[in-house]
Amino acid sequence: MTSTAQERSALLSKVGLDSQNKAALGRLLASGNIAQATEREDGRMQATVRINPDELCWDPSILVLPHGGDVDLELINDDLNTHCALLPSNGDRKFIWLVNHSRGRASLNLDGPGCYWFSSPTGNDEGRGLTGAIVVLGEVPPEARLDRPAQPRP
Ligand SMILES: [Cu+2]
């Protein structure tokens, strides 16, 4: 059992789960890059998420939103294969085809703090590593709060 971040990434690497086609077909979600969405003056957030060539991994694979709300995503498929993106959004998930070397835009609304996943569900790409997470920071509404210990504040 690892206890520090260094130990964790060292073991992920040693086991071969931090890249594709080593220990497993795919790499683990949490082994990819992390990025934060930027905020425009109108309060909308924006970010760019890529599929790099021959990596079968979203880049970043973890996108952090500073708070709930509207986010405009630019999705860029630099891979030689056609992919798609199934994205979380209040009301209904959004789906977009990304043929090779194309880009697309999606506007999402995620108002609740928490973790949302997104993926390319075609041809088992999810299982091969094309699964990512959007993490919305912020206060959990009182009615949704679990009786958990006080969280460290920045
Ligand atoms: Cu795909």
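Use the structure listed above.
This report concerns the structure included in the present document. Remember, it's a predicted structure, so these values are computed and weren't measured experimentally.

Here's the deal with the packing of aromatic side chains
- Overall, the coordinates contain 2 aromatic pairs when judged by the stated rule.
- Taken together, a centroid distance of 5.3 Å and an interplanar angle of 90 degrees make the contact between Phe-95 and Trp-97 edge-to-face.
- With a relative accessible area of 43%, Phe-95 lands in the partly exposed category.

Let's talk about the side chain of Ser-119
- Relative to the elements of secondary structure, Ser-119 occurs in strand β10 (residues 114-119).
- Looking at Ser-119, its side chain comes within polar contact range of the side chain of Glu-126, at 2.6 Å.
- Those residues in contact with Ser-119, other than ones at most four positions away along the chain, are Trp-58, Cys-84, Ala-85, Leu-86, Glu-126, Leu-130 and Thr-131.

Examining the environment of Gly-69
- Position of Gly-69 relative to the elements: it lies in strand β6 (residues 69-77).
- Separated by 41 residues in the primary sequence, Gly-69 and Leu-110 have C-alpha atoms spaced 5.3 Å apart.
- With residues up to four places along the chain from it excluded, the contact list for Gly-69 reads Met-45, Leu-108, Asn-109, Leu-110 and Asp-111.

Details of the environment of Ser-120
- Turning to its location among the elements, Ser-120 is positioned in the loop between β10 and β11 (131-136).
- Of the residues examined, Ser-120 reaches a relative accessible area of 0% and is grouped as buried.
- On a C-alpha basis, the gap between Ser-120 and Arg-44 in space is 25 Å, while along the polypeptide they are 76 residues apart.
- If sequence neighbours within four positions are ignored, Ser-120 has contacts with Trp-58, His-83, Cys-84, Asp-125, Glu-126 and Leu-130.

Quick look at the nonpolar core
- Ranked by internal contacts, the top residues of the largest apolar core, which has 24 residues, are Trp-58, Leu-65, Leu-73, Leu-75, Leu-87 and Ile-134.
- The set of elements that each furnish at least two residues to this core consists of β3 (45-51), β5 (62-65), β6, β7 (83-87), β8 (94-98), β9 (102-110), β10 and β11.
- Counting residues per element, this core draws most heavily on β3, at 4 residues.

A few points about the pairing of β11
- Two strands pair when backbone bridges link them, and β5 and β11 are joined in this way by 4 bridges, in the parallel orientation. By the bridge assignment, Ile-62 is partnered in β11 with Ala-133.
- In terms of strand pairing, β10 meets β11 through 6 bridges, oriented antiparallel. Across the sheet, residue Tyr-116 finds its bridge partner in β11, namely Ile-134.

What to know about the pattern of salt bridges
- If you walk through the whole model with that rule in mind, you get 8 salt bridges.
- One salt bridge in this structure joins Asp-72 and Arg-40, with 3.0 Å as the shortest N-O distance. Of this pair, Asp-72 sits in strand β6 while Arg-40 is found in the loop between β2 (38-39) and β3, placing the two residues 32 residues apart along the sequence.
- Where Arg-44 meets Asp-70, a salt bridge forms, and the shortest distance between an N and an O atom there is 3.7 Å. Taken as a pair, Arg-44 in the loop between β2 and β3 and Asp-70 in strand β6 lie far apart in primary sequence, 26 residues in all.
- Taken together, the shared-partner salt bridges in this structure form one network comprising Arg-40, Asp-42, Arg-44, Asp-70 and Asp-72.

Remarks on unusual backbone geometry
- The peptide bond linking Asp-59 to Pro-60 adopts the cis configuration, its omega dihedral lying at 0 degrees.
- Mapped onto the elements, Pro-60 comes out in the loop between β4 (58-59) and β5.
- Phi angles above zero are rare outside glycine, and Leu-56 is one such case at about 45 degrees.
- Counting through the fold element by element, Leu-56 comes out in the loop between β3 and β4.
- On the basis of relative accessible area, Leu-56 is assigned to the buried category, the value being 7%.
- You will see that His-101, though not glycine, has its phi angle at about 55 degrees, which is positive.

Thresholds, definitions, all that
Residues numbered from 1 in each chain as written. Predicted model: local features only at pLDDT ≥ 70, side-chain atom pairs only at ≥ 80, totals over all residues. Heavy atoms only, no water. Phe/Tyr/Trp six-rings, centres within 6.5 Å; stacked < 30°, edge-to-face > 60°. Buried < 20%, exposed > 50% of the residue type's maximum accessible area, 1.4 Å probe, protein only. Helix = DSSP H or I, 4+ residues; strand = E, 2+ residues; numbered from the N terminus. Polar contact = N/O pair within 3.5 Å; in protein donor to acceptor, adjacent residues only side chain to side chain. Contact = heavy atoms within 4.5 Å. Core = buried A, V, L, I, M, F, W, Y, C linked by side-chain atoms within 4.5 Å. Pairing = 2+ DSSP bridges. Salt bridge = Lys/Arg side-chain N within 4 Å of Asp/Glu carboxyl O.

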